[in-house]
Amino acid sequence: MEVSSNATSLPVSFSTGVFPAGCPSRTVLDHISSKWGVLILLALSEGEQRWSELRRRADGISEKMLAQTLKTLERDGLVSRRAQTVIPPRVDYSLTSRGYELSALLVPLVTWAFQNADDIINGQRDPA
């Protein structure tokens, strides 16, 4: 994929329309940039976790939304689900290699959001 000379520019192939309707990238972006998708991906970037750990880490997520988010991320090939045949039943979730690749890109974004959240929420502008 050819990229313009500015490192922060979009690829040249987007020049005719950024994410036109029907572009599969819109669906992928919707899944990974959802409120819960980002939090689950970041939590799993620290290693394999159980359902209860993920629910605790994504404070405020409902059981239904956690299940839906995990199924979506698993279907997208970003999360792996491993059911263990023990009593009580145990299911562990982890990132796939593609999920780890994505989480490496999300960490700087979330770090930036964390560092700037107070100023943005309080309506302060960049002094530059």
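Residues numbered from 1 in each chain as written. Predicted model: local features only at pLDDT ≥ 70, side-chain atom pairs only at ≥ 80, totals over all residues. Heavy atoms only, no water.

1. Considerations on the environment of Ala67
- Mapped onto the secondary structure, Ala67 falls in helix 4 (residues 63–75).
- According to the relative accessible area criterion, Ala67 is partly exposed, its value standing at 24%.
- C-alpha of Ala67 to C-alpha of Trp51: the two residues are 16 residues apart in sequence and 8.9 Å apart in space. (Helix = DSSP H or I, 4+ residues; strand = E, 2+ residues; numbered from the N terminus. Buried < 20%, exposed > 50% of the residue type's maximum accessible area, 1.4 Å probe, protein only.)

2. Quick word on the nonpolar core
- If you look at the biggest cluster of nonpolar residues, it comprises 21 residues, and the most contacted ones within it are Ile40, Leu41, Leu44, Leu54, Leu70, Val79 and Tyr93.
- When contributions to this core are tallied by element, the ones reaching two or more residues are helix 2 (35–44), helix 4, strand 3 (90–95) and helix 5 (97–121).
- If you tally residues by element for this core, the top one is helix 2, at seven residues.
- Those residues in contact with Leu41 that lie beyond four places of it in its chain are Ile32, Leu73, Leu78, Val79, Leu95, Leu102, Ser103 and Leu106. (Core = buried A, V, L, I, M, F, W, Y, C linked by side-chain atoms within 4.5 Å. Contact = heavy atoms within 4.5 Å.)

3. Observations regarding the layout of surface pockets
- In this structure, the largest pocket encloses a volume near 190 Å³.
- Leu29, Ile32, Ser33, Val38, Leu102, Leu105, Leu106 and Leu109 together form the lining of the largest pocket.
- When residues of the lining of the largest pocket are traced back to their parent elements, those giving at least two are helix 1 (24–32) and helix 5.
- The element that contributes the greatest number of residues to the lining of the largest pocket is helix 5, accounting for four residues. (1 Å grid on protein atoms, 1.4 Å probe; cavity = no way out; pocket = protein on both sides within 12 Å on 5 of 7 lines; lining within 4 Å. Points joined across faces, edges and corners; volume = space filled by probe spheres on them.)

4. What to know about the pattern of salt bridges
- In the structure shown here, the tally under the stated rule is five salt bridges.
- With its nearest N and O atoms 2.7 Å apart, the salt bridge here joins Glu46 to Arg57. Separated by eleven residues along the polypeptide, Glu46 in the loop between helix 2 and strand 1 (49–50) and Arg57 in helix 3 (residues 51–57) bring together distant segments of the chain.
- Take Glu46: its relative accessible area is 59%, and that puts it in the exposed class.
- Classification of Arg57 as partly exposed rests on a relative accessible area of 43%.
- It is possible to trace a salt-bridge network through shared partners that takes in Glu48, Arg82, Arg90 and Asp92. (Salt bridge = Lys/Arg side-chain N within 4 Å of Asp/Glu carboxyl O.)

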